[in-house]
Each structure stands twice: as structure tokens, then as C-alpha cells.
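Spelled out, the chains give:
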Amino acid sequence: MLRWNDDMNTARASGLDGIVVAHTELSDVDGEHGRLVIRGCSVEDLAGRATFEDLCGLVWTGEWPSAGVGGDLRAALATGRRDAFARLNSLGAALDAGDGMDALRAAVGQLTAADPAIDRLQVTAAIPVFAAAWARRQAGQPVVPPRPELSHAADYLQMLTGRLPGASHAAALDAYFACVVDHGMNASTFAARVVASTGADLVSAVVAGICALKGPLHGGAPGPVLDMLDAIGRRESVRAWLEAELAAGRRIMGMGHRIYRVRDPRAAALERVTSSLERSHADDRRLALARAVEQEAERLLAERYPARGLRANVEFYTAILLDALGIPRSLFSATFAVSRVVGWCAHVDEQRRAGRLIRPASVYVGAAAAAPGARPIS
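Attention in this report is confined to the structure presented alongside it. (Residues numbered from 1 in each chain as written. Predicted model: local features only at pLDDT ≥ 70, side-chain atom pairs only at ≥ 80, totals over all residues. Heavy atoms only, no water.)

## Describing the overall build of the protein
Piece 1. For the protein, the count of helices and strands is 16 helices and 5 strands.
Piece 2. Once the C-alpha set of the protein is aligned to its principal axes, its extents read approximately 75 × 55 × 45 Å.
Piece 3. Across the 378 residues that make up the protein, the buried fraction comes to 49%.
Piece 4. The contacts in the protein between residues at least 6 apart in sequence include a share of 74% that link residues at least 24 apart.
Piece 5. As displayed, the protein has an accessible area near 17,800 Å², and 52% of this comes from carbon and sulfur atoms.
Piece 6. Across the protein, 42 positive and 42 negative side-chain charges occur, with their mean positions spaced 4 Å apart. (Helix = DSSP H or I, 4+ residues; strand = E, 2+ residues; numbered from the N terminus. Buried < 20%, exposed > 50% of the residue type's maximum accessible area, 1.4 Å probe, protein only. Contact = heavy atoms within 4.5 Å. Areas by Shrake-Rupley, 256 points an atom, 1.4 Å probe, with all protein chains shown as cover. Lys, Arg positive; Asp, Glu negative; His and termini not counted. Charge placed at Lys NZ, Arg CZ, Asp CG, Glu CD.)

## So, helix α6 (residues 116-138)
Each α-helix winds once per 3.6 residues, and so residues spaced three or four apart point in a common direction.
Piece 1. With 23 residues, α6 ought to run about 33 Å at 1.5 Å a step, and its terminal C-alpha atoms sit 33 Å apart, in line with that.
Piece 2. Of the residues one or two after α6, Gly-140 is the one with positive phi, at around 70°. (Expected span 1.5 Å × (residues − 1).)

## Structural notes on the packing of aromatic side chains
Piece 1. Applying the stated criterion across every chain yields a total of 3 aromatic pairs.
Piece 2. Relative to Phe-177, the ring of Tyr-176 has its centre 6.0 Å away and its plane inclined at 50°; by these criteria the two rings are tilted.
Piece 3. Measuring from centroid to centroid gives 5.1 Å for Phe-316 and Tyr-317, while their planes differ by 65°, and the two rings are edge-to-face.
Piece 4. For Phe-316, a relative accessible area of 0% puts it in the buried group. (Phe/Tyr/Trp six-rings, centres within 6.5 Å; stacked < 30°, edge-to-face > 60°.)

## Description of the sheet that holds strand β3 (residues 35-38)
Remark on secondary structure: sheet strands pair via backbone hydrogen bonds, oriented parallel or antiparallel.
Piece 1. Taken together, the 3 strands give an open sheet; going across it, the order is β2-β3-β4, and neighbouring strands pair in antiparallel fashion. The sheet is open, and its two borders are formed by β2 (27-30) and β4 (41-42), each paired with just one other strand.
Piece 2. The pairing of β2 with β3 spans 4 bridges and is antiparallel. Across the sheet, Asp-30 pairs through a bridge with Arg-35, a residue of β3. (Pairing = 2+ DSSP bridges.)

## Regarding the pattern of salt bridges
Piece 1. Evaluation of the coordinates by the stated rule reveals 21 salt bridges.
Piece 2. Residues Arg-286 and Asp-230 are paired through a salt bridge, measuring 3.0 Å at the closest nitrogen-oxygen approach. In this pair, Arg-286 sits in helix α14 (residues 285-304) while Asp-230 sits in helix α11 (residues 222-232), placing the two residues 56 residues apart along the sequence.
Piece 3. According to the relative accessible area criterion, Arg-286 is partly exposed, its value standing at 24%. (Salt bridge = Lys/Arg side-chain N within 4 Å of Asp/Glu carboxyl O.)

## Some words on the side chain of Glu-271
Piece 1. For Glu-271, the location among the structural elements is in helix α13 (residues 265-280).
Piece 2. The class for Glu-271 is buried, based on a relative accessible area of 15%.
Piece 3. Leave out the neighbours within four places in its chain, and Glu-271 touches Arg-263, Arg-291 and Tyr-317.

## Examining the packing of helix α9 (residues 187-197) against helix α16 (residues 332-354)
Any two packed helices are characterised by the angle at which their axes cross and by the distance between the axes.
Piece 1. Contact geometry of α9 with α16 gives a least axis separation of 9 Å together with a crossing angle of 35°. Considering only the axes of α9 and α16, their crossing is right-handed. Along the contact surface, α9 presents Ser-188, Thr-189, Ala-192, Arg-193, Ala-196 and Ser-197, while α16 presents Arg-340, Trp-344, His-347, Val-348, Glu-350 and Gln-351.
Piece 2. Residues that form the contact of α9 with α16 fall into these classes: 4 nonpolar, 5 polar and 3 charged. (Axes fitted to C-alpha atoms, helices over the stretch in contact; angles between N-to-C directions. Left-handed = near helix turned anticlockwise from the far one by under 90°. Nonpolar A, V, L, I, M, F, W, Y, C, P; charged D, E, K, R; others polar.)

## Here's the deal with the environment of Ala-297
Piece 1. By secondary structure assignment, the location of Ala-297 is in helix α14.
Piece 2. Judged by its relative accessible area of 2%, Ala-297 falls in the buried class.
Piece 3. Sequence separation between Ala-297 and Ala-117 is 180 residues; the distance between their C-alpha atoms is 45 Å.
Piece 4. Sequence-distant contacts of Ala-297, that is, excluding residues within four places in its chain, are made with Leu-242, Ile-252 and Met-255.

## Things to note about unusual backbone geometry
Piece 1. The backbone phi angle of Arg-39 is positive, close to 50°, even though this residue is not glycine.
Piece 2. You can see Arg-39 is positioned in the loop between β3 and β4.

## Let's talk about a nonpolar patch on the surface
Piece 1. A cluster of nonpolar side chains, contributed by Leu-16, Ile-19, Val-21 and Met-185, occupies part of the molecular surface with about 260 Å² of accessible area.
Piece 2. Looking at the secondary structure, you find Ile-19 in the loop between α1 (9-12) and β2.
Piece 3. For Ile-19, a relative accessible area of 31% puts it in the partly exposed group. (Patch = residues over 30% accessible without salt bridge, like charges linked within 9 Å, V, L, I, M, F, W, Y side chains within 5 Å.)

## Topic: the packing of helix α7 (residues 152-161) against helix α8 (residues 167-180)
Piece 1. Between α7 and α8, the shortest axis-to-axis distance is 8 Å and the interhelical angle comes to 110°. One way to sum up the angle between α7 and α8 is to call them roughly perpendicular. Considering how the two elements wind past one another, α7 and α8 form a crossing that is right-handed. When α7 is examined against α8, the residues Ala-153, Ala-154, Tyr-156 and Leu-157 are found in contact with a partner set consisting of His-169, Ala-170, Leu-173, Asp-174 and Phe-177. (Parallel < 35°, antiparallel > 145°, perpendicular 65-115°, else oblique.)

Structure follows, in C-alpha cells:
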């Protein structure tokens with residue numbers, strides 16, 4: 001137990017800001033310069049180039065998978081999706097939950113831990129199956145079985161919509177997955193590593209990640225970004241609407257990040273992908289509105305909070321992209337987990353190799369202990 005001491009830097013860190021809790025080879029977040037590097041690759045290079053299967057190979061091994069390895073990963077994930085679909089009837093009421101993250105937590109928690117490498121593929125393949133099945137059931141539609149000939153991204157869209165996605169849609173979802181596969185020591189990754197440090201199995205660590213991801217302060221803002229765009233409606237209303245929100249003391253959704261002091265590099269990558277997708281379908285009205293909102297919000301926030309650097313974050317363009325792909329808002333966080341589980345699995349493996357229990361100290365600010373023999377407070 002720590003007591004407050006002006007010389008104790010650890011005691012002054014709120015929310016562990018600035019405290020190093022791990023050395024990692026997985027990703028580097030440079031908030032001052034707006035850079036994200038994943039296993040030596042910039043996120044801008046990965047988005048639009050890497051498939052989900054490529055990401056698994058890169059993040060799990062540190063090497064870009066060869067054609068043979070990539071094919072093996074694709075086949076293994078397809079088998080995992082088939083096995084997860086076969087488990088749906090044994091999940092009981094897990095997928096009846098009204099919230100997608102509650103359903104995902106309950107369903108993933110029923111997976112059994114075995115060999116770590118098998119677990120990694122099993123849990124990664126299961127999450128899109130469980131997420132799509134929950135969404136279909138919520139919509140009163142029959143669940144759609146996976147198709148082994150499809151890529152992971154394409155099959156997720158197919159299981160969700162019941163239609164074969166076009167190549168541009170699958171590629172856009174792959175780009176989104178590349179943008180969110182890992183991001184330093186974020187809350188869900190830290191939660192997964194804490195659980196892994198106790199010696200618990202991978203499934204338990206992933207469930208911890210899912211629980212942390214459910215919170216609205218971590219990965220929960222893309223849906224409200226769409227709500228904001230719906231409320232604004234047209235470009236002529238942007239300034240007045242934003243000024244009213246700021247005057248009322250409310251946040252502008254999708255703006256600002258705990259780490260980045262410049263524009264989130266993932267926002268730029270997703271804006272590019274969204275622009276390409278919407279041009280191919282001849283309807284870029286929502287994207288045009290979003291850009292107008294971003295520009296005006298950046299200007300107003302800079303005037304109000306000049307020292308804080310509040311710029312667009314990954315969730316701003318995530319909302320527009322996932323909406324364009326036909327993914328319902330209620331499934332945005334679960335779709336985030338479809339990709340982030342790859343990073344969680346890699347962090348669990350890294351934490352196991354570190355072999356040390358994560359046990360931070362705390363600063364006691366309560367009442368002093370009573371003197372020996374003193375009468376207790378009644």
C-alpha cells in the first residue's frame with residue numbers, strides 16, 4: 001500500500017497515465033505525431049492492403065504471411081467459423097440478450113480452453129459467428145451459416161446480411177479491421193493482459209477484453225456519431241447544431257482522443273476507404289455531411305479548447321463506413337471485437353512469455369488507523 005508522497009511519480013499518475021506496464025512488439029502509438037505502427041507497418045499501409053487473414057499472420061507471428069501460410073489461416077478460420085456455428089444451439093439463452101456485447105460475452109464465455117494455438121483460432125473464428133447470429137435473431141431473421149470458400153471479412157457480411165458481399169465491401173471491412181486490430185495498451189487490451197498474467201486461459205482473457213470494450217468510453221462512440229449526423233440532417237445546420245451542443249456542455253461525438261493530439265491516423269485511413277466505397281455506389285451525401293461536421297467541429301473546439309488538440313478519432317469515420325456496409329449500430333462494438341480479438345490473443349501470448357503477475361500499487365487516501373486499544377467508531 002502506498003501513501004501520498006510528492007516524490008512518488010507513480011502516485012501522481014491518474015488512470016496510469018504515463019506508466020509503462022509492458023514492453024511490446026505489437027504496436028506503437030505516437031499521439032504527438034499521429035502515427036500508429038503495427039508490427040513494423042503503418043496503419044495507413046495496412047488499411048487497403050491487408051486482409052483479415054494477413055493481419056492474423058502479421059500480428060501473431062511478426063511476419064507477413066506467405067501465400068501458403070495465408071491460405072492455411074484462411075482454411076483454419078473457415079473451419080473455426082463452421083465449428084462455432086455448430087455450437088449455436090448449445091449456447092442456451094446467451095444470444096437472447098438485448099445487448100450485443102452482453103450476448104457476445106455470454107457466448108464466448110462458453111468456449112472451452114484447450115491448446116493455446118487452437119484457442120486463438122477458435123475464439124477468433126467464433127466472434128463473428130456469434131455476433132452475426134445475435135443480430136439476425138434480434139431482427140427476427142433466421143441465422144445464416146458460414147461459407148468456407150469466403151474470406152473472414154466477406155463471410156461476416158454474408159452471415160449478417162444473408163447476401164454475398166461485393167468485393168469492394170469485403171475490402172472495405174478488411175481495411176476497417178486493419179485500423180482496429182491493435183492499439184497499444186488500451187483498456188480492453190490491458191484487461192486481457194491482467195487476466196492472462198494470473199495464468200488464466202485465453203478464453204477468460206478475451207472475455208475480460210469484451211467486458212472492457214462494452215464501456216462507452218472505449219469503443220462505444222461510433223453509433224452516437226450516426227445519431228449526431230441524423231440530428232444535424234443537412235450541411236446548412238452544422239454550425240448551429242454544434243454550437244448548441246457545446247453551449248449545453250455536451251461532447252461532440254467522434255472528436256478527441258485520450259492519446260492523439262493531432263488527427264487520429266486511423267480516421268484518415270477510414271475516410272479514404274469510405275470515400276472510395278461511396279463513390280462506387282454513387283451516394284456520398286452522408287460522407288459530405290460528415291466532412292462538414294468534422295471541419296466545423298474542429299474549428300469550434302480549437303476556439304473553445306485551444307490547448308487540447310481535439311481532432312477526429314477512429315470512431316468518426318468508423319460510423320459512416322460500417323453503416324455503408326449494412327452493419328447495424330447495435331453491432332458496432334461487437335464488430336470492433338471481431339478484429340481486436342486478434343490483438344488480444346497476441347497480447348495474451350506476450351504476457352504469458354513475460355511471466356509476471358500484473359499487480360499495480362495504489363495510494364491510500366482514507367482515514368488513519370486508530371491507535372491501539374482505541375474505542376472503535378460505533
